[in-house]
Amino acid sequence: MAEAHQHIAALLSEERVFEPPPDFVAGALVKDRSIYERAEADYQAFWAKQAERLAWFRRWESVMDWQPPWVKWFVGGTLNASFNCLDRHVEAGGGDKVAYHWEGEPGEQRTITYKELLDEVSRFANALKALGVGRGDRVAIYLGMVPELPVAMLACARIGAPHSVVFGGFSSDSLRDRINDAEAKVLVTQDGGYRRGALVPLKANADEALAECPSIQHVVTVRRAGNEHAFTAGRDHWYHELIEEQIPDCPPEEMDAEDPLYILYTSGTTGKPKGIVHTTGGYMTAVTATHRLIFDIHDDDVYWCAADIGWVTGHSYIVYGPLANHTTSVMYEGAPDWPDKDRLWSIAERNRATILYTAPTAIRAFMRWGPEHPEKHDLSSLRLLGTVGEPINPEAWVWYWKYIGGGRCPIVDTWWQTETGCILITPLPGVIPLKPGSATLPFPGIQADVVDEEGNSVPLGGGGYLVLKRPWPAIARTIWGDPDRYVQTYFSKYGPDIYVAGDGAKRDEDGYFWLLGRIDDVMNVAGHRLSTYEIESALVDNPKVAEAAVVSRPDDVVGEAIVAFVTLKSGYEGDESVAAELREHVAKKIGKIARPHALIFTNDLPKTRSGKIMRRLLRDVARGRPLGDVTTLANAEVVEQIHDMVQTGARTEE
Ligand code: PRX
């Protein structure tokens, strides 16, 4: 924990407290702390009240049924997520309100109203039905940030078919594994997407994956870039042709509150990604409530969550939460520095964005690029900022507050996970004084704690494991096809009624939570969750590699950089060209985001006598720290060798 303590010492050296600005409080939805007291007095009643903001076909019989670790929310209730995001707003006369101001990377703009979105979702839902998709069938979606992505998700929700969105930056191998795990029947993809001016050949990637996906019966391709790709007659269809044939009317399926809404894969500590399953009633209730209260959503807001829908942030806070709240959102297809480093600020200015939600890794990049880029634009419409995905260093927090928020916007630092479905630790911006670097306090109704190895609550001021001690409606209900892994991963350390988040945390004297990063072999690279084991498996998959160990080291921009120690099979020489080949191999197996930043070729890896690779020592080496205890090693001399190699620069960096 020495490292954690240093980290905390650094965080706590930023002692400024930012009170909610009075003019923000004046217009805020939540102005005082009574909401915390009410929720604490009866958390089930609190969530039931939030659920009442949705439209239910049938009201629930009981709010919660908890047989630890299994929980059900709004038992007996029925509803439809797409109806809640679309129909009810249109029926109430809100069909002309803009749902998305979309902008393509090359510069096109599209404005989509709630009525237009409902029409297209209904047509595509009918098209899916015509392809044989019904309740409970899984649909894989491999799209970039195009409007057809929320359309496809909502169309699935409309007919009760759980979607599995695969981030467009993932490789064909990653796509294949996810399709096969979920046994998806249909894949929705696009010809090509744009990223930094280059074309990402999504359909070609998908075709490669589909060679080994027996469950897929149909492929629907959205025409975006107009690039060439193969077309398999009978299996492949154009999105625009399918929707043209359908009427814009498709009655929503009446789903049980506990029916799965979607599966989303995330990295765990093994090589196999986990299919996190979210339900309909509880998930919709929690994302709608958290979105509204944390982002202080008013009718005239222009809200922009600049994440990718391929991650949970986009599912909850670009699609389901904002649409259920009848919010106008901004959605952007491409890179923040294309064609220039002020792209986001020009989009924010043109759309008069009022709320911006992004990741610390992006903020650190903006910081490096310099304040002259935001300063070129009028960002005075902004009134609230948010961050998610990793701990934010106080320096980046203050930069964001000053240069993007003009010193007037509160910042909500929101802690949550794919598994939690919704934000759990966060300020409410009209109520909670902010400390840069702290996600502050649990959302009303959430019981978070910091415990020691034995599960005892650590007194304020101390650090330990972050746990959640009572259920909330959006908690993942299981891992697709692997309930044992669900129990093992989240509910085994301290018993079935305590959810272990896998993060370290510390609370200060005011009870504020300071997140310390993962305590397992999961890394957080540029806000993306990757497992060391997954990258090691990808490296070892290359025929030249004998063995690999992957660790991370802190990085000013991406948060954690990937460092790979690789031992090659005899006969191979570790040089630049092999390094380039291995990086490419990892990109192919997982995706470009997983490419090692530094590669170090070693003759051997430090191992315990039982043959376990000592990652702790490699982490010290990667971080240039003095070496710890090596006495338990079977091959102590190898650490010295590696240490010397790193010191003398015998590594390749990207
Ligand atoms: O380590 C925590 C970090 O991101 C992990 C969850 O990653 P993922 O499931 O990909 O979801 C990311 C978006 C919700 C957590 O275990 N994390 C997320 N938000 C924060 C954070 N760490 C510190 N502060 C945050 N605000």
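Quick notes on empty space enclosed by the protein
Part 1 of the reasoning: Counting across every chain of the model gives three cavities of 30 Å³ or more.
Part 2 of the reasoning: Its volume calculated, the largest cavity comes out at about 70 Å³.
Part 3 of the reasoning: The wall of the largest cavity is formed by 14 residues, among which Trp 66, Arg 470, Pro 471, Ile 475 and Phe 491 lie closest to the centre.
Part 4 of the reasoning: Looking at side-chain class alone, the lining of the largest cavity contains eleven nonpolar, no polar and three charged residues.

Quick look at the confidence of the model for the protein
Part 1 of the reasoning: Summarising the model, the protein shows a mean pLDDT of 93, and 96% of its residues fall at 70 or more.
Part 2 of the reasoning: Across residues 1-12, confidence stays below pLDDT 50; counting only partners more than four residues off in sequence or on other chains, it has 13 contacts.

Concerning the site of the ligand
Part 1 of the reasoning: Taken together, 17 residues lie around the ligand, and Asp 413, Thr 414, Thr 418, Asp 503 and Arg 529 are the ones closest in.
Part 2 of the reasoning: Here a nitrogen atom of the ligand and a backbone polar atom of Gly 389 are 3.1 Å apart.
Part 3 of the reasoning: Here an oxygen atom of the ligand and a side-chain polar atom of Gln 417 are 2.9 Å apart.
Part 4 of the reasoning: Counting residues per element, the ones that place at least two in the shell around the ligand are helix H12 (312-324), strand S20 (411-414) and strand S25 (513-518).

Quick look at the pairing of strand S4 (residues 98-103)
Part 1 of the reasoning: Burial within S4 is extensive, with five of its six residues counted as buried.
Part 2 of the reasoning: Inspection of the sheet shows S4 paired to strand S17 (residues 328-332) by four bridges, in the parallel sense. Note on S17: the bridge partner recorded for Tyr 100 is Ser 329.

What about the state of the cysteines?
Part 1 of the reasoning: Going through the model one piece at a time under the given rule, you end up with zero disulfides.
Part 2 of the reasoning: In this model Cys 409 remains outside any disulfide bridge; the closest cysteine sulfur is found in Cys 305, 17 Å from its own.
Part 3 of the reasoning: Cys 422 takes part in no disulfide bond, and the closest cysteine sulfur, belonging to Cys 305, lies 14 Å away.

So, the packing of aromatic side chains
Part 1 of the reasoning: A complete count under the given rule lists 32 aromatic pairs for this structure.
Part 2 of the reasoning: Each ring, one from Tyr 262 and one from Tyr 283, has its centre 5.2 Å from the other, and the planes form 90°; the classification is edge-to-face. In this pair, Tyr 262 sits in strand S14 (residues 260-266) while Tyr 283 sits in helix H11 (residues 281-294), placing the two residues 21 residues apart along the sequence.
Part 3 of the reasoning: Tyr 262 sits in the buried class, given a relative accessible area of 0%.
Part 4 of the reasoning: In this structure Tyr 283 comes out as buried when scored by relative accessible area, which is 0%.
Part 5 of the reasoning: Ring centres of Tyr 262 and Tyr 320 lie 6.3 Å apart, and the angle between their planes is 10°; this geometry places the pair in the stacked category. Taken together, the residues Tyr 262 in strand S14 and Tyr 320 in helix H12 connect sequence positions 58 residues apart.
Part 6 of the reasoning: Assessed through its relative accessible area of 0%, Tyr 320 is described here as buried.
Part 7 of the reasoning: Ring-pair connections join several aromatic residues into one group, and the members of that group are Trp 70, Trp 472, Tyr 486, Tyr 490, Phe 491 and Tyr 499.
Part 8 of the reasoning: The ring of Phe 170 carries Arg 178 above its face, with NZ or CZ at 4.3 Å from the centroid.
Part 9 of the reasoning: The ring centre of Tyr 465 lies 4.6 Å from the NZ or CZ of Lys 493, which sits over that ring.

Section: the pairing of strand S15 (residues 274-279)
Part 1 of the reasoning: Of all six residues making up S15, six are buried, and the element is well covered by its neighbours.
Part 2 of the reasoning: A two-sided burial pattern is seen for S15, the buried positions comprising Lys 274, Ile 276 and His 278 on one face and Gly 275, Val 277 and Thr 279 on the other.

Here we look at the sheet that holds strand S22 (residues 463-468)
Part 1 of the reasoning: Taken in spatial order, the four strands make up an open sheet running S21-S22-S24-S25, and their pairing is antiparallel. Strands with a single pairing partner mark the edges of an open sheet, and in this sheet they are strand S21 (448-451) and S25. Between one strand and the next, the sheet's axes are offset by a mean angle of 45°, whatever the strand orientation.
Part 2 of the reasoning: Bridge count for strand S24 (residues 499-507) against S25 is five bridges, and the pairing is antiparallel. Residue pairing across strands places Ala 505 opposite Leu 515, the latter belonging to S25.

Some remarks on the nonpolar core
Part 1 of the reasoning: Formed by 125 residues in total, the largest nonpolar core has its most connected members in Trp 47, Leu 117, Phe 124, Ile 141, Phe 295, Tyr 320 and Trp 472.
Part 2 of the reasoning: The element best represented in this core is helix H7 (residues 148-159), accounting for nine residues.
Part 3 of the reasoning: If sequence neighbours within four positions are ignored, Tyr 320 has contacts with Ala 81, Cys 85, Met 153, Leu 154, Ala 157, His 163, Leu 261, Tyr 262, Tyr 283, Met 284, Val 287 and His 315.
Part 4 of the reasoning: Ranked by size, the runner-up nonpolar core spans 70 residues in total, among them Ala 206, Trp 311, Leu 382 and Ala 548.

Regarding the domain arrangement of the protein
Part 1 of the reasoning: Its domain assignment divides the protein into domain 1 (22-504) and domain 2 (526-653).
Part 2 of the reasoning: On a C-alpha basis, the centroid separation for the pair domain 1 and domain 2 is 33 Å.
Part 3 of the reasoning: The interface is formed by 26 residues belonging to domain 1 together with 19 residues belonging to domain 2.
Part 4 of the reasoning: Where domain 1 abuts domain 2, roughly 1,600 Å² becomes buried across the two surfaces, and 45% of that area is made up of carbon and sulfur atoms.
Part 5 of the reasoning: Inspection of the domain 1/domain 2 interface yields four salt bridges.
Part 6 of the reasoning: Residues Glu 208 and Lys 588 are paired through a salt bridge, measuring 3.3 Å at the closest nitrogen-oxygen approach.
Part 7 of the reasoning: Here the residues of the side of domain 1 that touches domain 2 sort into five nonpolar, 13 polar and eight charged.

Regarding the sheet that holds strand S19 (residues 384-388)
Part 1 of the reasoning: Read across the sheet, seven strands follow the order S5-S4-S17-S16-S18-S19-S20 without closing on themselves; strand pairing throughout is mixed. A single partner strand is all that each edge strand has here, and the edge strands are strand S5 (109-113) and S20. Each adjacent strand pair in this sheet contributes to an overall mean axis angle of 20°, direction not counted.
Part 2 of the reasoning: Of the pairings in the sheet, the one linking S4 to S5 comprises five bridges and is antiparallel in character. The residue bridging Tyr 100 from the neighbouring strand is Ile 112, located in S5.
Part 3 of the reasoning: Packing of helix H16 (residues 394-404) onto the sheet brings it into contact with strand S18 (355-358), S19 and S20, and relative to S19 it is tilted by some 150°.

Side note on the packing of helix H6 (residues 114-130) against H7
Part 1 of the reasoning: Two elements in contact, H6 and H7, have axes separated by 8 Å at closest approach and are oriented at 60°. Relative to H7, the element H6 lies oblique. Of the two elements, H6 crosses H7, and the hand of that crossing is right-handed. For the pair formed by H6 and H7, the contact residues are Leu 117, Leu 118, Glu 120, Val 121, Ser 122, Phe 124, Ala 125, Leu 128 and Lys 129 on the first element and Glu 148, Val 151, Ala 152, Leu 154, Ala 155, Cys 156, Arg 158 and Ile 159 on the second.

Criteria and cut-off values
Residues numbered from 1 in each chain as written. Predicted model: local features only at pLDDT ≥ 70, side-chain atom pairs only at ≥ 80, totals over all residues. Heavy atoms only, no water. 1 Å grid on protein atoms, 1.4 Å probe; cavity = no way out; pocket = protein on both sides within 12 Å on 5 of 7 lines; lining within 4 Å. Points joined across faces, edges and corners; volume = space filled by probe spheres on them. Nonpolar A, V, L, I, M, F, W, Y, C, P; charged D, E, K, R; others polar. pLDDT = per-residue confidence, 0-100. Contact = heavy atoms within 4.5 Å. Near = heavy atom within 4 Å. Polar contact = N/O pair within 3.5 Å; in protein donor to acceptor, adjacent residues only side chain to side chain. Helix = DSSP H or I, 4+ residues; strand = E, 2+ residues; numbered from the N terminus. Buried < 20%, exposed > 50% of the residue type's maximum accessible area, 1.4 Å probe, protein only. Pairing = 2+ DSSP bridges. Disulfide = S-S within 2.5 Å. Phe/Tyr/Trp six-rings, centres within 6.5 Å; stacked < 30°, edge-to-face > 60°. Lys NZ or Arg CZ within 6 Å of the ring centre and 35° of its normal. Axes fitted to C-alpha atoms, helices over the stretch in contact; angles between N-to-C directions. Core = buried A, V, L, I, M, F, W, Y, C linked by side-chain atoms within 4.5 Å. Domains from an automatic or database assignment. Buried area = accessible area lost by both parts, 1.4 Å probe. Salt bridge = Lys/Arg side-chain N within 4 Å of Asp/Glu carboxyl O. Parallel < 35°, antiparallel > 145°, perpendicular 65-115°, else oblique. Left-handed = near helix turned anticlockwise from the far one by under 90°.

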